[in-house]
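Coordinate analysis (summary)
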Amino acid sequence: MHFSKEEIAKRLKEWKNSGKSAWAYSKENGICQQTFAKWVKKEKEKKGGFVEIKAKKKLLKQDSEEIVIEKGDIKIQIPVTTGINELQAIVKALGAVQ
């Protein structure tokens, strides 16, 4: 069975509002569970771009502050004196802004 983009969006919204698991919703509505799982994955990827990162401040040896952002093996150190244009460039370079 083929579903239009509108129908997929409608089904995903119904599922989110149902409070049911993706597996239960797809089974009850006659949708192949693998197909529904692909829809859910695509929807999550579409919303991507931002991840929640807990930032913390730490003092450098020179007593100037910086913001340290860590995610997995990635560590970004940004001086608190960094201007808004530079911060925007950093965020854009990280792929969080289109």
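Up top you'll find the structure we're talking about.
A short tour of the structure in this document, coming up. (Residues numbered from 1 in each chain as written. Predicted model: local features only at pLDDT ≥ 70, side-chain atom pairs only at ≥ 80, totals over all residues. Heavy atoms only, no water.)

1. Quick notes on the overall build of the protein chain
The line we're drawing: Per the convention used, a helix needs a DSSP run of H or I reaching at least four residues, while a strand needs a run of E reaching at least two, with both numbered from the N terminus. We call two residues contacting when some pair of their heavy atoms lies within 4.5 Å. Computed with the Shrake-Rupley method and a 1.4 Å probe, the accessible areas treat only the protein chains shown as cover for residues.
Along its length, the protein chain carries 4 helices and 3 strands. Counting from the amino terminus, helix and strand elements in the protein chain follow one another as α-α-α-β-β-β-α. Residue pairs in contact within the protein chain that sit at least 24 positions apart in sequence constitute 18% of those at least 6 positions apart. Approximately 8,300 Å² of the protein chain is accessible, and the part contributed by carbon and sulfur atoms is 54%.

2. Here we look at the layout of surface pockets
To find leftover empty space, a probe the size of one water molecule is rolled over the atoms. We count it as follows: Residues are called lining when one of their atoms sits within 4 Å of a cavity or pocket point, these points coming from a 1 Å grid over the protein atoms alone, where a cavity is a set in which a 1.4 Å probe fits but cannot get out and a pocket is an open set with protein on both sides within 12 Å along at least five of seven lines. Grid points are joined across faces, edges and corners, and a volume is the space filled by probe spheres set on the points. By the convention adopted, Pro, Cys, Tyr, Trp, Phe, Met, Ile, Leu, Val and Ala count as nonpolar, Lys, Arg, Asp and Glu as charged, and the other residues, Gly among them, as polar.
Roughly 240 Å³ of volume is contained in the second largest pocket. As for the second largest pocket, its lining consists of Lys5, Ile8, Ala9, Leu12, Trp39, Lys42, Glu43 and Lys46. At the level of secondary structure, the elements contributing two or more residues to the lining of the second largest pocket comprise α1 (5-18) and α3 (33-47). For the lining of the second largest pocket, the residue count by class is 4 nonpolar, no polar and 4 charged.

3. Some details on the pattern of salt bridges
Rules: Criterion for a salt bridge: a side-chain nitrogen of Lys or Arg within 4 Å of a carboxyl oxygen of Asp or Glu. Buried, partly exposed and exposed residues are distinguished by accessible area as a fraction of the type maximum, computed with a 1.4 Å probe on protein chains only: under 20%, between the cut-offs, and over 50%, respectively.
Evaluated as defined, the whole model comprises 3 salt bridges. The closest approach of N and O atoms between Glu43 and Lys16, which form a salt bridge, is 3.9 Å. With Glu43 in helix α3 and Lys16 in helix α1, the pair connects residues that are 27 residues apart, well separated along the chain. Residue Glu28 pairs with Lys20 through a salt bridge whose shortest N-O separation is 2.5 Å. By relative accessible area, which is 52% here, Glu28 ends up exposed.

4. Remarks on the nonpolar core
Buried together is how nonpolar side chains tend to be arranged in soluble globular proteins. Our working definition: Residues enter a nonpolar core if they are buried and are Ala, Val, Leu, Ile, Met, Phe, Trp, Tyr or Cys, with the set joined through side-chain atoms within 4.5 Å.
With 8 residues, the main nonpolar core is built from Phe3, Leu12, Trp15, Tyr25, Ile31, Phe36, Trp39 and Val40. Elements supplying a minimum of two residues to this core: α1 and α3. No other element matches α3, which puts 3 residues into this core. Each residue touching Val40, except ones within four places of it in the same chain, is listed here: Leu12 and Trp15.

5. Some details on the packing of aromatic side chains
The cut-off we apply is this: Each aromatic pair joins two rings of Phe, Tyr and Trp (for Trp, the six-membered one) with centres within 6.5 Å, and gets the label stacked for planes under 30 degrees apart, edge-to-face for over 60, and tilted for any other angle.
Per the counting criterion, the structure on display carries 4 aromatic pairs. Considering the side-chain rings of Phe3 and Trp39, the 4.9 Å spacing of their centres and the 80 degrees angle between planes classify their relative orientation as edge-to-face. Of this pair, Phe3 sits in the segment before α1 while Trp39 sits in helix α3, placing them 36 residues apart in sequence. We classify Trp39 as buried; its relative accessible area is 10%. Judged by centre distance (5.4 Å) and plane angle (40 degrees), the rings of Tyr25 and Phe36 are tilted. Of the two residues, Tyr25 is situated in helix α2 (residues 22-28) and Phe36 in helix α3; the sequence distance between them amounts to 11 residues. For Tyr25, a relative accessible area of 4% puts it in the buried group. A network of ring pairs unites the aromatic residues Phe3, Trp15, Tyr25, Phe36 and Trp39 as a single cluster.

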